[in-house]
Amino acid sequence: MKTRVGFIFDLDGVIVDTAKYHFLAWKKLANSLGIDFTETQNEQLKGVSRVKSLEKILSWGNLQLSEDKFMELMGKKNADYLSYISKMSSSEILPNVPKILNYLVDNKIPVALGSASKNAKAILTKVGLFNKFQTIVDGNSVTKAKPDPEVFLVAAEKLRVQPKNCVVFEDSLAGIQAANSAGMLSIGIGDSKVLSNADYVFKDFTEISFNFINQIIEKELSAS
Ligand code: BG6
Ligand code: MG
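Fair warning: this is a prediction, and the values are worked out from it, not measured in the lab. (Residues numbered from 1 in each chain as written. Chains lettered and ligands numbered in written order. Predicted model: local features only at pLDDT ≥ 70, side-chain atom pairs only at ≥ 80, totals over all residues. Heavy atoms only, no water.)

Enquirer: Looking at this structure, I do not really get the coordination of the magnesium ion (ligand 2). What am I missing?
Expert: Tetrahedral metal sites with four donors have an ideal angle of 109.5 degrees; octahedral sites with six donors have ideal angles of 90 or 180 degrees. Protein-derived coordination of the magnesium ion (ligand 2) comes from Asp10 (OD), Asp12 (O) and Asp171 (OD), at a distance range of 2.0 to 2.1 Å. Of note, the donors binding the magnesium ion (ligand 2) are all from one chain and are spaced D-x1-D-x158-D. Taken together, the positions of aspartate 10 in the loop between strand S1 (6–9) and helix H1 (19–32) and aspartate 171 in the loop between strand S4 (166–170) and helix H8 (173–181) put the pair 161 residues apart, joining distant regions of the chain. On the accessibility criterion, aspartate 171 (8% relative accessible area) is buried. (Donors = N, O, S within 2.8 Å, 3.2 Å for Na, K, Ca; no water. Helix = DSSP H or I, 4+ residues; strand = E, 2+ residues; numbered from the N terminus. Buried < 20%, exposed > 50% of the residue type's maximum accessible area, 1.4 Å probe, protein only.)

Enquirer: Even after reading the chapter, I still don't get the nonpolar core, so can you show me in this structure?
Expert: Soluble, globular proteins show a tendency: their nonpolar side chains are buried together. By size, the foremost hydrophobic cluster in this structure holds 41 residues, and its most contacted members are Phe7, Phe9, Ile15, Phe133 and Phe169. With five residues, helix H5 (residues 97–106) is the largest single contributor of residues to this core. Core analysis: the second largest hydrophobic core is formed by 16 residues, Val151, Leu159, Val161 and Val168 among them. (Core = buried A, V, L, I, M, F, W, Y, C linked by side-chain atoms within 4.5 Å.)

Enquirer: I would appreciate a short explanation of the side chain of aspartate 10 in the present structure.
Expert: Judged by its relative accessible area of 3%, aspartate 10 is buried. At 3.0 Å, the side chain of aspartate 10 forms a polar contact with the side chain of lysine 146. (Polar contact = N/O pair within 3.5 Å; in protein donor to acceptor, adjacent residues only side chain to side chain.)

Enquirer: Can you walk me through the environment of serine 59 in this structure?
Expert: Residue position: serine 59 is located in helix H3 (residues 50–60). A relative accessible area of 46% places serine 59 in the partly exposed class. The spatial distance from the C-alpha of serine 59 to the C-alpha of leucine 82 is 25 Å, given a sequence separation of 23 residues.

Enquirer: How should H3 be read in this particular structure?
Expert: Note that an α-helix has 3.6 residues per turn; residues three or four places apart therefore point the same way. Among the residues of H3, Ser53, Leu54, Ile57 and Leu58 are the ones counted as buried. Buried positions in H3, seen along its axis, are confined to an arc of 130 degrees and lie on one side of it. Those residues of H3 hidden inside the fold are in contact with H1, helix H2 (39–45) and helix H4 (67–85). Two residues or fewer past H3, asparagine 62 is found with a positive phi of approximately 55 degrees. (Arc of directions from axis to C-beta. Contact = heavy atoms within 4.5 Å.)

Enquirer: What's the story with the domain arrangement of the protein chain in this structure? I'm lost.
Expert: Accessible area lost upon the coming together of the parts is a frequently used measure of interface size. Each domain of the protein chain was delimited in the assignment, giving domain 1 (6–17 + 90–222) and domain 2 (19–85). Computed over C-alpha atoms only, the centres of domain 1 and domain 2 are separated by 24 Å. Of the residues lining the interface, 15 residues belong to domain 1; the matching set on domain 2 comes to 15 residues. Around 1300 Å² of area is buried between domain 1 and domain 2 when both sides are counted, 52% of it from carbon and sulfur atoms. At the junction of domain 1 and domain 2, the tally comes to two salt bridges. Residue aspartate 17 is joined to lysine 20 by a salt bridge in which the shortest nitrogen-to-oxygen separation is 3.3 Å. (Domains from an automatic or database assignment. Buried area = accessible area lost by both parts, 1.4 Å probe. Salt bridge = Lys/Arg side-chain N within 4 Å of Asp/Glu carboxyl O.)

Enquirer: Help me out: how do you make sense of the site of ligand 1 in this one?
Expert: In the neighbourhood of ligand 1, 15 residues make up the surrounding shell, with Asp12, Arg50, Ser117, Lys118 and Asn119 lying closest. A distance of 2.8 Å separates an oxygen atom of ligand 1 from a polar backbone atom of glycine 47. The separation between an oxygen atom of ligand 1 and a polar main-chain atom of valine 48 is 2.8 Å. Relative to its unbound accessible surface of 390 Å², ligand 1 loses 97% to contact with the protein. Taken atom by atom, the bulk of ligand 1 overlaps the largest pocket. Here the shell around ligand 1 spans two domains, since at least three of its residues come from each of domain 1 (6–17 + 90–222) and domain 2 (19–85). (Near = heavy atom within 4 Å. Areas by Shrake-Rupley, 256 points an atom, 1.4 Å probe, with all protein chains shown as cover. 1 Å grid on protein atoms, 1.4 Å probe; cavity = no way out; pocket = protein on both sides within 12 Å on 5 of 7 lines; lining within 4 Å. Sits in = over half its atoms within 2 Å of the grid points.)

Enquirer: Any chance you could explain the pattern of salt bridges here in plain terms?
Expert: Between side chains of opposite charge, a pair can form as their charged atoms come close. Using the criterion set out here, one finds nine salt bridges in the structure. As a salt-bridge pair, lysine 28 and aspartate 80 come within 3.5 Å of each other at their nearest N and O atoms. Taken together, the positions of lysine 28 in helix H1 and aspartate 80 in helix H4 put the pair 52 residues apart, joining distant regions of the chain. Since its relative accessible area comes to 53%, lysine 28 is described here as exposed. Using a relative accessible area of 15% as the deciding quantity, one classes aspartate 80 as buried. Among the salt bridges present, the one from lysine 146 reaches glutamate 170, with a minimum N-O distance of 2.7 Å. Remark: glutamate 170 occurs in strand S4 and lysine 146 occurs in the loop between strand S3 (135–137) and helix H7 (150–159); sequence separation between them is 24 residues. In this structure, lysine 146 and glutamate 170 share a single accessibility class: buried. Salt bridges sharing partners connect three or more residues here, namely Asp10, Lys146 and Glu170.

As structure tokens, then:
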């Protein structure tokens, strides 16, 4: 089989600016329970599943709840989050993302989504990017949350690309750890201080050129 390079995109905070909506919804919920919720704490929830996020928030507040109450709060947070999502449009796609996605698709380079979100398909449809992805692996298709590499390994398998030939775009610490554990090239999107474990970090996609994409493809191919 010919060696190919695959690209896997995280969704929240990489393709669309939904990280701010997760933050607002979790903050409202945490504060309603009398728990403080800072931007630093929020950083630890990025890339992390809904269940694990609520577990962390409750542990910060030293709160233990019944399973019913836990499920009720998960539902509340998601309803609040979905009220933001329902107003979203393509204007909330992060800068230059369509340009890079189109470049990959036009050059027949395999592209997957690798997200912890159970709302991924709805969001991609809402912003008109659903058909750019050859495969979508989301919170409904995996059992282990990032930093476990499962989501990216499943995406590689679906793309029929070896993990070592995959490149991951991620905005979260947990996601960079997951990509590194999967043996993939990790590209952080955001703050280089936060994402210091990534192989490369860019503030956003406006800093990523076609030239850079071509170079990493060459590099991945020559290493395999
Ligand atoms: C990740 C986000 O992409 O998805 C997390 O970074 C979020 O903040 C997780 O908790 C799960 O998302 P959802 O939409 O299923 O609640
Ligand atoms: Mg993210």
